[in-house]
Amino acid sequence: MKKPVETQKVMFTETVLRDANQSLIATRLPYSKFADILPTMDKAGYYSVECWGGAVFDVCLRFLNEDPWQRLRNLRKAMPSSKLQMLLRGQNLLGYKHYPDEIVKMFVEKSVENGIDVIRIFDALNDLRNIETATKTAIKCGATVSGTLSYTQSPVHTLAAFAKQAKEMENMGVATICVKDMAGVMTPQEAYDLIGAIKSEVKIPVVLHTHCTTGMAFMTYLKAIEAGVDVIDTATSCFSGGTSQPATETLNYALKQMGYDTGLDDAALKEVNDFFKPIRDGYLADGTLNAKMMATDTDALNYKVPGGMLSNLVSQLKAQNAMDKFEEVLIETPKVREDLGYPPLVTPMSQMVGVQATNNVLSGERYKNISKEVKAYCRGEYGTSPAPINPEVVKKALGDEKPIEGRYADTLEPVFEQTKKELEGVAKNDEDVLSYILFPQVTEKYFAARKAQEEKIVKYTIEPVEE
Ligand code: CO
């Protein structure tokens, strides 16, 4: 007798609170705007709710006058049944440089203690030494770790190389493997081949993350599902498309009709979208959301440069009155990337490659001016490049200096206790100290604003009421 075909389960991570928010409106959603919908999101049946990490932490302190830790505690309280997910840049945590292991451990411990369940951990260079401390700590704390591969195309980023890294991460003890296509350039065929290759190498579930930027994402997800992907990242429809993720409701509708089990509650999904629609319209009206961000842009396919990087290049060249060099810089960009050993073009590599390509064109001589970041990269401070860096570039960057051996974070001294002492009377807890270590100037300003606010409240409450 034939065994009945088992229904394939496809689970969803909802990104409206983090990546959709970050990709469309530069993460400007304050907690107060979405607090009321959290109980509904809590029962919608998502695999997880991505709501913290990435740029959320920085923007909370820098622009929203919000304590990111308090936001996390509020989310935890409002969504007791959901798995709360964050994105973490390995040894960079949520900042832009490498931190000593001591800080990485404490940051991960505090994230879990304050409510995080799932931590998606990646490194811009896919150097696994840079995700090891965060991964081990998170596992120890009982969090679900999603070991993440930064997706890119190059002669060294083969199916076999990605599958091998996935296996290495499985051996590190991660619970799932995530393929992160930050630029939205993965085609349906590439997804089918890559997910298939990883699935045949590892036993743990595989997650796919992409963006709609080039218009591929819905097709890419469908082919990834055919290849057996377990979880996809989507955004509620009014916050989907363009530089954001594909729409949650659309994929849920289509997949259910095809017989897949999504576990999602249709009524809850509609309620979530209805809630966010007027918020989206408000951001469109006040210009926070540029309608262009929601459209399809295939330039990234032609130039092999992520959309966000293209707009950075344009503003860089405009600022230097050199827009006539745009084509030249675009041709130079992949050459610089090749010289630097094919780093995936994700933060901070995308900025470094873009600035260097611009320098090479504008100065009229390649590598005449080398940024201090590219010098540090050549020294090995960001990790090992996917392919060797062009020796001539290394020579121009470092002269006779030798690149470091081993892992850069091993050369960093602990800073927590010293910083805590310096912040006596200002920091209220260890979380405050960690915020300060990640973003010193921004957090200092936030502390001052918080103090002013508290004094106002105290003054108001102790003033006798005139009758
Ligand atoms: Co993303």
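Look up a bit, the structure's there.
Residues numbered from 1 in each chain as written. Predicted model: local features only at pLDDT ≥ 70, side-chain atom pairs only at ≥ 80, totals over all residues. Heavy atoms only, no water.

1. Side note on the coordination of the cobalt ion
Moving on, step 1. Coordination of the cobalt ion by the protein is provided by Asp 19 (OD), His 209 (NE2) and His 211 (NE2), with metal-donor distances spanning 2.1 Å.
Moving on, step 2. According to the relative accessible area criterion, His 209 is buried, its value standing at 0%. (Donors = N, O, S within 2.8 Å, 3.2 Å for Na, K, Ca; no water. Buried < 20%, exposed > 50% of the residue type's maximum accessible area, 1.4 Å probe, protein only.)

2. Description of the nonpolar core
One broad trend across soluble globular proteins is that nonpolar side chains are buried collectively.
Moving on, step 1. Leu 17, Met 41, Phe 107 and Phe 276 are the most contacted members of the largest nonpolar core, which totals 95 residues.
Moving on, step 2. Composition of this core by domain shows at least three residues from each of domain 1 (11–285) and domain 3 (415–462).
Moving on, step 3. When sequence neighbours within four positions are dropped, the list of residues in contact with Met 41 reads Glu 14, Val 16, Leu 17, Tyr 46, Val 49, Met 79, Ser 82, Val 272 and Phe 276.
Moving on, step 4. Leu 313, Ala 322, Val 346 and Tyr 367 belong to the second-largest nonpolar core, a separate cluster that totals 35 residues. (Core = buried A, V, L, I, M, F, W, Y, C linked by side-chain atoms within 4.5 Å. Domains from an automatic or database assignment. Contact = heavy atoms within 4.5 Å.)

3. Concerning helix α8 (residues 159–172)
Moving on, step 1. With 14 residues, α8 ought to run about 20 Å at 1.5 Å a step, and its terminal C-alpha atoms sit 20 Å apart, in line with that.
Moving on, step 2. Three or more residues of α8 are buried, namely Phe 162, Ala 163, Gln 165, Ala 166, Met 169 and Glu 170. Axial view of α8: buried residues confined to an arc of 160°, hence all on one face. Opposite the buried face of α8, at more than 90 degrees from it, the exposed residues are Ala 160, Lys 164 and Asn 171.
Moving on, step 3. As for α8, its buried residues are in contact with α7 (129–140), β5 (144–150), β6 (176–180) and α9 (188–199).
Moving on, step 4. At the C-terminal side of α8, Gly 173 shows a positive phi close to 105°. (Helix = DSSP H or I, 4+ residues; strand = E, 2+ residues; numbered from the N terminus. Expected span 1.5 Å × (residues − 1). Arc of directions from axis to C-beta.)

4. Here's the deal with the packing of helix α6 (residues 101–113) against α7
Moving on, step 1. With their axes 9 Å apart at the nearest point, α6 and α7 run at an angle of 35° to one another. Of the two possible hands of crossing, α6 and α7 adopt the one that is right-handed. In contact with Asp 101, Val 104, Lys 105, Val 108 and Glu 109 of α6, α7 contributes Thr 133, Ala 134, Thr 137 and Ala 138.
Moving on, step 2. Of the residues assigned to the contact of α6 with α7, the class counts are four nonpolar, two polar and three charged. (Axes fitted to C-alpha atoms, helices over the stretch in contact; angles between N-to-C directions. Left-handed = near helix turned anticlockwise from the far one by under 90°. Nonpolar A, V, L, I, M, F, W, Y, C, P; charged D, E, K, R; others polar.)

5. Some points on the packing of aromatic side chains
Moving on, step 1. One pass over the full model with this rule turns up 14 aromatic pairs.
Moving on, step 2. Pairing Tyr 377 with Tyr 382 gives two aromatic rings, centres 6.4 Å apart and planes at 50°, and the pair type is tilted.
Moving on, step 3. Under the relative-accessibility criterion, Tyr 377 is labelled buried at 1%.
Moving on, step 4. One aromatic cluster is present, built from ring pairs that chain together Trp 52, Phe 57, Trp 69, Tyr 96, Phe 107 and Phe 439. (Phe/Tyr/Trp six-rings, centres within 6.5 Å; stacked < 30°, edge-to-face > 60°.)

6. Some points on empty space enclosed by the protein
Moving on, step 1. Overall, the coordinates contain two cavities of 30 Å³ or more when judged by the stated rule.
Moving on, step 2. Here the largest cavity defines a volume of roughly 40 Å³.
Moving on, step 3. Contributing to the lining of the largest cavity are Thr 13, Tyr 47, Gln 85, Val 118, Arg 120, Thr 144, Ser 146, Thr 176, Val 207 and Val 231.
Moving on, step 4. At the level of secondary structure, the elements contributing two or more residues to the lining of the largest cavity comprise β4 (118–121) and β5.
Moving on, step 5. Within the lining of the largest cavity, the residues separate by chemical class into four nonpolar, five polar and one charged.
Moving on, step 6. Taken as a whole, the second largest cavity holds about 30 Å³ of empty space. (1 Å grid on protein atoms, 1.4 Å probe; cavity = no way out; pocket = protein on both sides within 12 Å on 5 of 7 lines; lining within 4 Å. Points joined across faces, edges and corners; volume = space filled by probe spheres on them.)

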